[in-house]
Each structure stands twice: as C-alpha cells, then as structure tokens.
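# Geometric and topological summary
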Amino acid sequence: MASKSDARPYQLDLLDAAIDENTIVALGTGAGKTFIAVMLIKEYSHEIVGSYIKDDAKRTFFLQAQYIRQQTHLSVGEFIGDMNVDSWEQSRWIEQFESCSVLVMTKQILLNLLRRSFIATKKINLLILDECHHAVKNDSYVEIMNTLQSSPEHQRPRVLGLSASILPSKCKPGQLEKSIRKLEETLHCRAQTAGDLAEVTRYAATPEIKYLDYRLTDSDQQSSLRWAITEPLEFLDKFKKEVEIKSCRMYKMVKGHFEDCLHILDNLGLWCAHEFAFNAVEELKVAKVKDEGNQWEKALLHLAVTHLRIFERESSTLLAVPGTCRTPVTAKVERLLLELGDNAVVKGMLCDSAICRTASEGGDNTVSEGSEDSPSSSAVNVGDVARRSRPSKLLGIVFVERRTTARLLAEVIKRRSQEDSDLKHIQCDYLVGHSSGTTSGDTYLRKEARMSHKKQNEQLQQFRSEKINLLIATGVVEEGLDVPKCNMVCRFDLPPNFRSYIQSKGRARAKGSVFYLLMDKAHEGEQKKMITDYCLLEEELNAICHERMVPDEEGKERLMEHLAPPYEPFGKGSDVRATLLSSRSMVHKYCQKLPKDRYTTPSPIFICAECQANCSDIHILEGAHHYKYPWHKCYLRLPFNSPISNKIIMGPAMPSKQWAEKAAALQAIRILHEAKELDDSLVPIARRAGELDDSLVPIARRAGEDSDDVVDEGGRGERMNKDAGTQKKSQIYKKETAAILLASGPKAGIDSFLYIFVLQETVAGGSGQYYQSPGSNEGPHPSFGLLTSKPIPHSRLPPFPLYVKERELRVSVHRHCTAVSLSAEEFDLLCRCHDALFTEVLRFCVQSATVGGSTAAEGLKDYLCVPVGFMEPTVAYIDIEMAKIIASLSETRFSPVCWPCPLESLSDDRLLGVCHRDSTMGQGKALELYQVVRVDPHITPASEFPEHRATFASYFKAKYNFDLTDLGQPALVCVPVGTQCLQLTTSRYKAANGRDLEVRSHSRGDTERLFFPQQCKMYRLPAHMMHLAMCVPSLLWRLENLLLVEELRAVISSVTKVGINRSGQELTTSTVLHGYRDEGCYTSEVRCHNPTDGTYTDAPPSLSLSGPHSVGPDCGLLLQALTPRGANDIINLERLETLGDAFLKLVSAMSVWGSNDTSNLTKARSSAVGNLNLYTLAINKGLPGKVQSDFRPREAWLPPRFAPPPQSAQGEQDALGSTPWSHQRITDKGVADCVEALAGAYLVAGGLIAGLAFLGWLGFLGPTTSSGEPDALTAATNHDDLFHVLIQHSRSAFHSSFGPLVSISTCSQLCVDGLGTRVPVDDLDALIRRCMGTSGPPRVLGWTFRDHCLFVQALTHSSYARNWITDWYKRLEFLGDAVLDYLVTSHVYATKREFTPGEISAVRSALVNNGSFAEVVTPATIYERNGAEGIRTGWGGGGFGAICGMDLEAVWRVFIKVFGDKIDKCEDCIPVTPLQQLFEMMPNTQMKIKRTRCTLTIQEKAISETVSARSAQASKQIAARRVIRRLQASETQQ
C-alpha cells in the first residue's frame, strides 16, 4: 500500500496543492503522477466510505488510468465501452455505485452518466483526469467540466489533472503562457509542477539524446521504378479539380496506396516497397465498388491494380538480379541497424559506468511490476547497486509514423537478425492501433497494417515479459498503454509535434537510457532546430507551471450572476440549473434537435445593441472596471421551426456583447422550459413521430372499452398496442341488425305490413319484363315479399341490382296498399312455408328459433318471407297455394313419374330429379335438379351410348344397376338448375371496373344432360318459383344492410340537421346502386321526403335550407361508404375514401393552422387523419358493427326466424366462441377507411357544409358555431355540378368551424423598431422589394395580395434571418398542400367517374408536386428567389390564405388558369411512374431493396441496374428509368 512515507518531497508538495485547490500536475513520465493521484484518493477516502444510498456517500472517479486497486484498500471498479455500459439502466449503475468506492472509467462513460443524470455532481468528491491535455475543442473532458460548472460551487468535486505535456500538439516558444491559461480555464484548475526540478530529474525519465545521421540517395533501381507510382499520383492531382472524385472512398484508398508505396520506397527500400505492392494488389483484387453505376470508382480501382502490379513485377525482377542483397534497404534503415548492432547496450555488454554513477543517487522506485509512476523509498541499497552493475539487456522501442512502416520495418529487422550475427540477439515485432478506420493514410491494408485488440494485448504482454526486446510501434504506444521501462527509444520518423516528442521520450525511463533521433543530412539544420525548440518548450513549461495563480473567470461569473442569476427551476441548491457559462451551448443543442432540411442548420440569432447601464448594475460591478466599457443588451430569436420563434427574447443589460448573448440565452432557457420544450433536466425533448398535443387537434380518446360490440381477443384487455390502427391489427365485432327488423314478426289476427320485391330484367334504355313472369307483362307476377308488424321506410331504399348468370335484375321494394290480417291457420301455414323455404328449398343448415309461434332467441330478426303475386307493385296478395306447396316440401320433395305419361307434364315449368342416384347432395347442400329443354324422340334407351359400344340401357344397368324397361321411350334433354350459388349480388361476367370479362362460353352439348322419363322424379316446386327463391337470400341481405345504414343516416341527420329544410322535409341524394355501371354510385337528383305521408318527391333546383346545412346522403350512398373492397360487392368505398382522405387532410390542416408550433403541424395533421384516431372515433360511434362483410349465404348469414346451428354442426369456431353468423373480423385500418369514406359521402351529397357537420358529429372537430345568416344553397342538377358542390360556400363553412384564418406575424413591428437602426432587419416594404424586385402591391400569377404579410411569409425561407415581421413559409406550405390536394382530388373525382382511386392518386401526384409548381412559377421569378422548396407554398398556401380568406372557388379559378392544360393532359393520359411502366413492360423484373440502394434485374434480357439515392423511393425510380432506356436501346438495335 502506498503511503506518505513512500512519497518523494516534490510529490508531497503537489499533493498539498491538490488538496487546497483544483490542480493540474505537470510531470514527466516516470515522475510519479499516478502516485500523487492515489494519495489524493486516500486523503478524500472518508467521503466515499459507506453505502451510496443509505449513508449518502460520495464516489471518486478516475478517468483513463489503471493499477490503483492494489494501491489502496478501497473497492475499485473498472468500466470500459466493451462492457456495453451505454445500455445500462440507472438501477444497474446505482448497484455499481453501491459496491465500488472508486470508479475507473473512460471520459465518455462519465460524460454519459452526467448527461443522463444517473449521478449528481454533488455525489462526486474527487475527479482525476489522466492525460488532461486532451481537453480541447469538443473533447469529452471539456463537456464534463462544463457540466460540473453548471452546478453550485459547493457541490462541485475536487479536480486533479495529470499530464506529462499540458501543451497542445503545435506550440512555439513564447506561446506557452497563452496555451496553459486556456487549459486552466477549461479545466478550472491551476497548473503545477515540482518546485525542485533537480529532485524530479532523479526519478523521471532523463534519457541521453543522440542524433543518428544518414543521407538518402536514389539508387538507379529506385529511379527506374518511381515512374510507376509518380505518374498515377500526378494524374489524380490533375483531375481532382476537374472531376468531383476527391471525396469518394475509392479515390482516397487508391491515392493512399500510391503515397504509402512511394513513402516506403524512399524510407525503407526496394524490398519493403515490393512487399507492400504485392499485398496491396491482393487487397485491391477483392475491393468492392460502393456504387456499381459509378464508372469513376471502377476506373480508379483498375488504375491502382495496374500500376501496383507493374511496380511489383519490375521490383521483383530487380530483386532477382544476381549480387543483389536479399533484403535491400535504404541508408536510413542501415543507420538504425548499425546502431543496433554496434552499440554496447544492444550487445548486452553494458556494465556501464553511468549506471554505477547513478546508483548512488537513488534507485528506481516501483510499487508493483509494470507500474509506471510508483515511488518507493529513496534509500540506497548496496545490493541494488550491485545488481544494477551487471550488464543490462536491450529493451527498446522504435517509433514510426505509419502503420505499414511499422510492419515492414519489423519484417526487415527479423530477416536481418537471421542473416547478421550482430543482430541475432534482437527479438523484434510491431505494434499498431486497432482502429477500424480506412480513410487515414496508414490504415489501408486491412489485415497487415491493422491490429486487433486481442493481438495488441498479446504483443504488449510479450514485450513486458521480454520475449520481444525491440518493438516497432506507432504513436499508439506514446501514451495510454502500460509499457515497461526501456533503455533505448528511437524516433525512426521525427516527432510531428511537441506532445509526441515528450511522450515518446518519456518511454525511455530506465537509468542510462538513450533517445535516438534519425536525421537526414539534407535537412539536418531544420530538423535540429525543431528538436531544440522542443527542448526550450520543455524548460519553459517547467518554469511557468510553478506556483501559478488560479484564473479569475469564476470570479467574473459570480459577479455576472448578480445581473443574470442562474435558472434553477426547482429552487436553489438543486442539481438542475442553467448558468451564464452553459446557456449558449444549451440553446444551440436545443436548436440542433429541431426539424431541419439538408440545406439549413437551425441556429439562434443574436443581435446586440448598445444601451445605458442601470445605476444599480454599475454599483454591483464597481471595482471590477466593467462599467467603463459600453454596455449591451441582446435580442435573441430562435429558428422559425421552434414553437416559440414568434417571441423576441431580450436579456438584461450586460457589460459586454459576450455576456449579453449569454444572458439572453439564459432567458431563452427559462422560456423553453416553461413551454415544455425542455424536460425537467433542461434537456431538449425528443420529438417522436406521431406525438400530438391536445391543443393542436381534439384527438378522441378511446371510449367504450367495455362495449359488447368488440370482442377482446385472448382476454388481454389491451387494444392500444403497437399495431393498433393498422392493417396488421384486427378485431372481432358483433354484426348489427336494423332495430326495425327485431321483434317485427307478424301475429295472427293483428294487422301486418306486406312489402313486395319487384324484380325486373335490365335492358338498354330501362327495365324490361318482370323476372320469371308467365308472359311478357301479363299478370299475375310471382315474387316473394316480407310480412312484418313494423312499417319499413321502403321509399328511402334505393333500387339495387342482382345478377343471375348473364342477366342483371333491377330490384325495388314496394309496400302493399293495405294492411294484411292473417287467421291462425294462415299464420301457421306461412310460418311453415318460411321454414321450408330456407331449410328444404335453399338448404340452409340452421335451426328454427321459433317455439309455439314466437321467437325464442332474443335479438333475432323474425319477419316472414312469403310467396306473393301482384298485378301492380302496390297491389299484391299472398299466394296461399304456393305457400302450401313450399310447406309440403318438408314432408315430401318429389313425386314419381308414372310412365307412360304426357310429355308436356314433364317439360312445362317443371323440375326433375333422377332416381338412379340421390338428389339431395347431403345436408346443407343444394339439390340436384334439372329442367327439360326439349324432348328428343330419336334417342331411346336402345341407342348407342356416346363413346361406348353399349346402349344407354346397358350403361345405366352396369353403372347404377338401374333397369330401363321401356326401350322405346324418348330422351329428355335437360340442363342442370344451379341451386348451389345463392350469392347473386355480384356477377362473374364482370370485372371490378365494370368491363365485360371474356368468360368461356359453354356449348349446349357441354351442359346438357340426357335422361329418360323412367329415370326421373318430379320436384313439387315449380321452376319459376325455384329461380325466384334462389334470389331471396341476396334480396334479404341487401334489404337488411340498407335498413341498417338508413338508421345510421337518421341518427346523424337528427343531430346535425343535415338535409332538413325549414318545413322539416328531408333532402337527400337519389342514389341508384347501378352496380358495375355505377361511376361513383351517385346521381345528381335530390329527393324531398315528406314526413307526414312518408313519400318522396323530386326537389326543385334551388333549395333554401335551415341553418348552415345542406343536402344529405341517402342510405345507398352511405352503404357504399361502409362496404370495404374485401366484401366482394359490386360497390366499395375506395373512391369515396380517396375523396374523404383529401377532405380530412384539409380540415385537419385548417384546425391546426393557428398553432404556434410550426414544427409539429405535419405531425398533428398526421395524427388527426391517422388510422388510429379515425378508428378510435369509429369505435366511439359504434360504426364497426355496421361495416359490410363478405356475403356468404349458407356460411355467415342467418335467415329471419332462425338461429345458428348447434356447435357440433358449426365446425371450427373462434377462440372466444363467436361465430361467423353473429360476428365478423375487421382490421383497424378497414374501420378507419370507412370513416374516410363516410366523410366523402357527406361531402358528395351536401358539399363542405355537410362534410363538416358529419365530422362534428363524429367528434373529429369541436362544436361548430354559425357565422350569421346562411347563404341560399343550390343543389347540383347534373353531373358537371358535382365539383361545384364540393367546393362551394367554403367561406361560410370554414368560418363557422374554424373562425377566420388571419396572417400570423411572429412579432410586432414595434418590437422590431425598438431594436434601433443598427439591427440588420428589414421592414415590410424592403421585404416585398426583396421578394419581387419592385415596389407597390405584390402581384403573382395574375392576382394581387391584399395581405402583404402573407406574400412575404410565402417567400421566406427558414434560413433568412432579416425577416422579423412574419413567420416563414412552412405554415402556408402546410395549408397550401392540403388545399391543392383537395381541389385536384375533387375535380378528378367529379369529372372522371370512370377513374379508379389509383388513377385519381396518380393524377393528383402528377399535379401537386414541387416540380410541377416550378415549371409554372419559374417565369414569375419566384423560383429564382425562393428555390424549389418554397414553390408549393408560394402560390398554393399563399393563394388560399390571401384570396378572399378560405375561398376555395377563388383559389380554383387561379389554379385552373395556370394548370388547365396540364390537368387536361393528365386526365387524357394518366401519368405512370417509371417503375410502373417497367413492370407493365417486363412483369418478371426482379427488384432488391437494401436501405437506399435498389437493384433491378431482367434475367431474360441480361439487364441489371443498381442505383443509390437519397431515399429508396428515389433509387427505385432512377433505376427503372435506366432499365427502360436500355430496353429501348436494345429494341432499336434489333
């Protein structure tokens, strides 16, 4: 253990100085700096003994030092980066603090601990900084000291700095004082050295300095080889200015190889240069070009390989010449080898008198083996002197500059030691750093010139154990590594700076050691002068560091704190504080965290102006002489993208500009913390994507967590997980049924309502005859109807289509003119008919839910489906006879055919089954039925069977064991009746876009079947009723969905009053579900519903509505909005969703327009229109249960008065017991898409007013307020008016929801004027002149800005510091993007009904982009003044904000003038991206994406392109464009 009794006198003096104040100990290597640090730890050990938590003990931190555990009794912990300490949590660090009293770690680890507040400053009692001379610029030592100084003085730890050279790398004599003062101010320490330098000399390293002269001469061999290296170097230097290749990796690598080879040839010789060239060629062979498309890199690589290979072959030839030395080297190497071979020390014969002479002066004190600075007693031991009198062996280091030099020089010495007997005692190897960099001049060879950490430790261990006695090393050995004392150190390359000179010289610590310096005679005078300067610096350093005074910077700070006190948010004495010294750096760090583009770096703007000081301030500083200088006041403005950029921050008056700026920055820290831009540790809050302040947009919170409509899968109860609101996350929802259909079953003796389905075949020009009628239009016409006890709003239900094979049927619902009353017998018959219809005819595998004529299961629909006949749609009757036939099917389905019988009885509206096999096809499956087409008397059972030699009779006998006894009966030509498919809402003959599909037409011979009367049995239900019955599931499915959506429409209308005029009449659109001829499912007709009689009439063209509301959507339009594409229906929400998405983007943009936080506008909008928020709103309103699902009649739809089958018949169920009959699974994104489509539906029906009213009901917006008397609204009367509906009355609609949008200026003109004329800011007129170059009112693209501030704001970039009047263009760009996006989407949606959502998006993307705007705005000089980044705003947002205030029609008038031709061109020829074009041309193209690199390959064409760009999207498009060009070029050549 080290104690004071072991200390040297000067060590005790420096220890006392370190106890009194912060000190930098400046002692040479071997003088015992580490011992002083250990003694200081022991002096303060009473503060670190005990528990870190319970006893509130402090801790000592020792940075970049080792071997102190054995010097003290304290527990010591060592921490390095390889331990992955950066990922440790605070709890783990506290465990280390609890178990360790002294913590040895790197400076970066301690800095991270302080930054993360894992340890408080007051918990550190002593901080020891080893190699503290590194504390310059942005070093971690500087950051640590800045952090410590921000704490109160009584909480700061004692600081001890250790250094053998406290000077910077480059310093001249006479500049020491300034350099040391700067280091002292940085570390807040006083530099000290020993008072008695002679005493230090006894212990520290004082080697003898010797110069080894040599003269480099170019041999003929070297001269003949230099051209292979110098010529490519001259080429690279010549072309680096003409071609931008200097910064590329390949350029640096190639040039580094050539420079290294030339350096080795000049300094080491031919053999070493040959070895280097050989290894370099091998490395370059496997080198990879970063960008395959960069031809320069390929050319550079080829150049390097070619010339190095030439050099390697030529040098190999020269080395093979007879008489040439096996290892030819330069004179410089020979001089070193000569010294190593002839010197007495090297030969191990040094019994030297120098050692004998110094033995009496004191021993070399060590505490432990390998310790660098460990003193012991200075008493002279005779035995030690005797031992030191014996010969010492060589232990030396040769320092070189480059890593390649180290490796090759070590190899030369190894080879020479094998050849020369004078050098056989040398065991040589090399040691270099383990950095993985490849850009410096000496780190190119991956394996040969770079050393792993493990290999480095192995080499050091062999050197310590003297298995290696000569180490060739780079500067890595100069400091920081534990190296034994050497008796010989040589600088093969002269030290590049004073620090390197001191550190390398300090390695010669053994007594009598020698420090060699190799000097070229050609530059001997210059080199010796440099070494002389280093010696003078060393002497001057020792003189200056003795008894220095502490800098008075802290005293200045204490005085200034009276004018600008530190900001301590949690009171005085807290660890969290901001001071004048740390304020500027904290403000700059905050600005660096702000959003930024690649062109601009956000930074604060400081403007200082002279001012008069207050008398009290002068009194405070009286005696410090600061009041004599001009006082200044600083005005600070944060970057535009800061939320508080609209505030001009003014600091107090200070006696200098520098202190004034710090005071203003300190005030900014206070404001930023109060604005929650800094956390409670005064660290900038990380801005995560998706975060949203409630003040920006009223985001709905999740409600209805316990709703019965949502099934909690797995019982987790957590629905807000990372996938919530995305396509990956799905939920199970209960299917809703219209309330009007529940408990609506008819009863005997009570009046009921009869509704008839009227099915008409659709022909060109309108509807044709009734489906399955006996004549053209001669009655009565058969059909099915609904019998309910509740009236159904049938007049509000739009017609809808069904598809029976190639035919399209138009279905409408009509109500029988009178009520229907049933007797008990009739009611019982109709109930049995209803049950048999679904179980026997349609073959549903369900169970009846009726017991005793009443519905047993609650919550089930219980209306009756009955056969009807009608002459007129409103005059019908219940077909009792047909009901009896259907009811009897439960007892018997078929009646036998008694042959012989009239053939007419088999072919008139009859269905036949076959006797030779079962016709039921199993339970739950359709019947196998046939309908006779014709009778063929030419075919009998005795006729030859096709493709067989046997007859029909023998075939049926052999296959089915069925005997045809009458061989003369004629054949019945039948066609199968397809009863399996009951899903008739879509057609397999139509594509999703309505185009006819090329379906293979079957010939009659492929579908016809031959049977004989004796084989057949007659189905009791007529054929026409079977065809009608097959339509029933689709009819009821569509009716139930329309009624469910109608209830939703009524709820929204009752709250929002959308579509209700002053008379209480409802005004809705008249939507006809045209199916594949839909073109948007919207017609321009408006219907007026009279609530008194429930009838609809056509509304007049001009309507006066009550309140700020308009026409509302009907249930047909809303049904489209609630039908996802996955529902496989003829309608889907995609077009409405595209329109609604643009509308929501516009509304959310306007809702956050007035926010001061411009940097969060896009995030706020994204959160508002994001799927998660829309999904949450939909959950709150119960919309998921109304979303339409895929119609699967026998699998997922329950007929009325039926319950799901027993569990044994259901098959696999959901994990929670839900069944497809009662529940459906919908993704969160699917629900959100429905919300967007609903917004689009209300927008299409009633324009902006209706759309905003719907969003208000949904909770997307706050409550709206009327802005006065409403305008008279005009409904659309034709298709061309739809776009007018989408943009009209924007002023009144937006004013009622958001209020007026005004120009937002970041500060008042008064504040700017108060800064004085010396402040470099512009007034409004000057800003306009800068923007336009002319005076007068600004005009751009044909309009005049009434608000000049908006014009200036639209053209102000965030980097323009002279505009202190308005905000920058980000706010207007944000709004203009949403406006133009909505206008273009609405226009394309309204005018191009045949466009798909993808085509709408393609047109919109082609029009609303920076490049498109630049083409138009460039002639107006805006592009030249503002750049491409500002084009979108300059006329999009600026136009919307300045023209008439929120007037979409005004913006469109300007837009269409400029972009009219471009819009027409895009609509006529839909633009496609190069990638889309490529995949259309070559569908087999292979694409690989890795980060921002894209590779496109077409194997059959042998074409491949790889491109790296700023983003993956950009690289894909560029690569696709190149591939297309190559394809076109190859086609042209062919």
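Anything mentioned here points back to the structure above.
Figured I'd write up the structure that's included with this text. (Residues numbered from 1 in each chain as written. Predicted model: local features only at pLDDT ≥ 70, side-chain atom pairs only at ≥ 80, totals over all residues. Heavy atoms only, no water.)

A few words now on the sheet that holds strand E16 (residues 649–650). If you walk across this open sheet you meet the three strands as E14-E15-E16, and the pairing is antiparallel. Looking at strand neighbours, the two that pair on one side only are strand E14 (605–611) and E16, the edges of this open sheet. Here helix H23 (residues 657–674) sits on the sheet and contacts E14, strand E15 (631–637) and E16; the angle it forms with E15, its principal contact strand, is near 40°. (Pairing = 2+ DSSP bridges. Helix = DSSP H or I, 4+ residues; strand = E, 2+ residues; numbered from the N terminus. Contact = heavy atoms within 4.5 Å. Axes fitted to C-alpha atoms, helices over the stretch in contact; angles between N-to-C directions.)

Overall, the coordinates contain 35 salt bridges when judged by the stated rule. The closest approach of N and O atoms between Asp139 and Lys107, which form a salt bridge, is 2.9 Å. With Asp139 in the loop between strand E5 (124–130) and helix H5 (140–149) and Lys107 in helix H4 (residues 107–115), the pair connects residues that are 32 residues apart, well separated along the chain. For the pair shown, Asp139 and Lys107 are each scored as buried. With its nearest N and O atoms 3.8 Å apart, the salt bridge here joins Arg843 to Glu840. A cluster of three or more residues bridged by salt bridges with shared partners is formed by Arg115, Glu143 and Lys589. (Salt bridge = Lys/Arg side-chain N within 4 Å of Asp/Glu carboxyl O. Buried < 20%, exposed > 50% of the residue type's maximum accessible area, 1.4 Å probe, protein only.)

Before going further, it helps to examine the side chain of Asp260. Tracing the chain through its elements places Asp260 in helix H9 (residues 249–267). A polar side-chain atom of Asp260 sits 2.4 Å from a polar atom in the side chain of Arg402. (Polar contact = N/O pair within 3.5 Å; in protein donor to acceptor, adjacent residues only side chain to side chain.)

Examined against the element boundaries, Thr1227 turns out to sit in strand E40 (residues 1223–1227). With sequence-adjacent residues up to four places away left out, Thr1227 is seen in contact with Thr726, Gln727, Lys729 and Ser730.

Let us look at the sheet that holds strand E45 (residues 1493–1498). Here three strands make up an open sheet; going across it, the order is E44-E45-E46 and the pairing antiparallel. Lying at the two open borders of the sheet, with one neighbouring strand each, are strand E44 (1486–1490) and strand E46 (1503–1508). Between one strand and the next, the sheet's axes are offset by a mean angle of 10°, whatever the strand orientation. Bridge analysis of E44 against E45 gives five bridges, and the strand direction is antiparallel. The partner of Lys1490 across the bridge, within E45, is Arg1493. Contacts from helix H49 (residues 1512–1533) reach E44, E45 and E46, with the element oriented near 150° to E46.

Running from N to C, helix H21 (residues 580–592) and H23 point in directions that differ by 60°, and their axes come no closer than 8 Å. Between H21 and H23, the interaxial angle falls into the category oblique. Like other packed secondary-structure pairs, H21 and H23 cross with a definite hand, here left-handed. Between H21 and H23, the residues in contact are Leu580, Leu581, Ser583, Arg584, Met586, Val587 and Tyr590 and Trp659, Glu661, Lys662, Ala663, Ala665, Leu666, Ala668, Ile669 and Leu672, respectively. Each residue belonging to the contact of H21 with H23 can be placed in one class, and the counts come to 12 nonpolar, one polar and three charged. (Parallel < 35°, antiparallel > 145°, perpendicular 65-115°, else oblique. Left-handed = near helix turned anticlockwise from the far one by under 90°. Nonpolar A, V, L, I, M, F, W, Y, C, P; charged D, E, K, R; others polar.)

For a regular strand, the rule is simple: side chains alternate between the two faces of the sheet. Of the strand pairs in this sheet, strand E29 (residues 894–896) and strand E34 (residues 1016–1019) are connected by three bridges, and their pairing is antiparallel. Paired with Ser895 across the strands is Met1018, a residue of E34. Relative to E34, strand E30 (residues 911–914) runs antiparallel, the two sharing four bridges. Residue pairing in the sheet places Leu911 in a bridge with Tyr1019 of E34.

Counting across every chain of the model gives nine cavities of 30 Å³ or more. Taken as a whole, the second largest cavity spans an internal volume of roughly 50 Å³. Lining the second largest cavity are Arg1049, Ser1053, Val1058, Gly1059, Glu1066, Leu1067, Thr1068, Gly1112, Pro1113 and Tyr1242. Only helix H29 (1023–1056) and strand E35 (1066–1069) provide two or more residues apiece to the lining of the second largest cavity. No other element matches E35, which puts three residues into the lining of the second largest cavity. The class makeup of the residues in the lining of the second largest cavity is four nonpolar, four polar and two charged. (1 Å grid on protein atoms, 1.4 Å probe; cavity = no way out; pocket = protein on both sides within 12 Å on 5 of 7 lines; lining within 4 Å. Points joined across faces, edges and corners; volume = space filled by probe spheres on them.)

With that settled, the discussion passes to the packing of helix H33 (residues 1171–1180) against helix H36 (residues 1228–1258). Where H33 contacts H36, the two axes come as close as 8 Å, and the packing angle between them is 75°. Of the possible angle classes, the one that applies to H33 and H36 is roughly perpendicular. Together, Asn1171, Leu1174, Tyr1175, Leu1177 and Ala1178 of H33 and Asp1228, Lys1229, Val1231, Ala1232, Asp1233, Val1235, Glu1236 and Leu1258 of H36 make up the contact between the two elements. Partitioning the contact of H33 with H36 into residue classes produces eight nonpolar, one polar and four charged.

Three- or four-residue spacings in an α-helix give side chains the same orientation, since the helix completes a turn every 3.6 residues. Along helix H18 (residues 498–506), nine of the nine residues are buried, which leaves the element largely enclosed by surrounding structure. Every buried residue belonging to H18 is among Phe498, Arg499, Ser500, Tyr501, Ile502, Gln503, Ser504, Lys505 and Gly506, and all of these are buried. Of the residues flanking the start of H18, the one acting as N-cap is Asn497, its side-chain oxygen 2.8 Å from the backbone nitrogen of Ser500.

Over its 22 residues, H49 runs 32 Å from end to end, which matches the ideal 32 Å to within 8%, given 1.5 Å per residue. For H49, the set of buried residues is Ser1515, Lys1516, Gln1517, Ala1519, Ala1520, Val1523, Ile1524 and Leu1527. Next to the buried residues of H49 lie helix H48 (1474–1481), E44, E45 and E46. (Expected span 1.5 Å × (residues − 1).)

Here the focus is the packing of aromatic side chains. Going through the model one piece at a time under the given rule, you end up with 24 aromatic pairs. With a centroid separation of 5.6 Å and an interplanar angle of 75°, the aromatic rings of Phe952 and Phe1012 are classed as edge-to-face. Highlighted residues: Phe952 in helix H27 (residues 952–960) and Phe1012 in the loop between strand E33 (1009–1011) and E34, separated in sequence by 60 residues. Classification of Phe1012 as buried rests on a relative accessible area of 0%. Aromatic pair Phe1143 and Tyr1382: ring centres 6.1 Å apart, planes at 50°, arrangement tilted. Taken together, the positions of Phe1143 in helix H31 (residues 1134–1151) and Tyr1382 in helix H42 (residues 1370–1391) put the pair 239 residues apart, joining distant regions of the chain. Following the ring pairs from residue to residue traces out a cluster consisting of Tyr52, Phe61, Phe79, Trp88, Trp93 and Phe97. Sitting over the face of the ring of Phe894, Lys1017 holds its NZ or CZ atom 4.4 Å from the ring centroid. Stacked on the ring of Tyr1389, the Lys or Arg Arg1135 has its end atom at 4.3 Å from the ring centre. (Phe/Tyr/Trp six-rings, centres within 6.5 Å; stacked < 30°, edge-to-face > 60°. Lys NZ or Arg CZ within 6 Å of the ring centre and 35° of its normal.)

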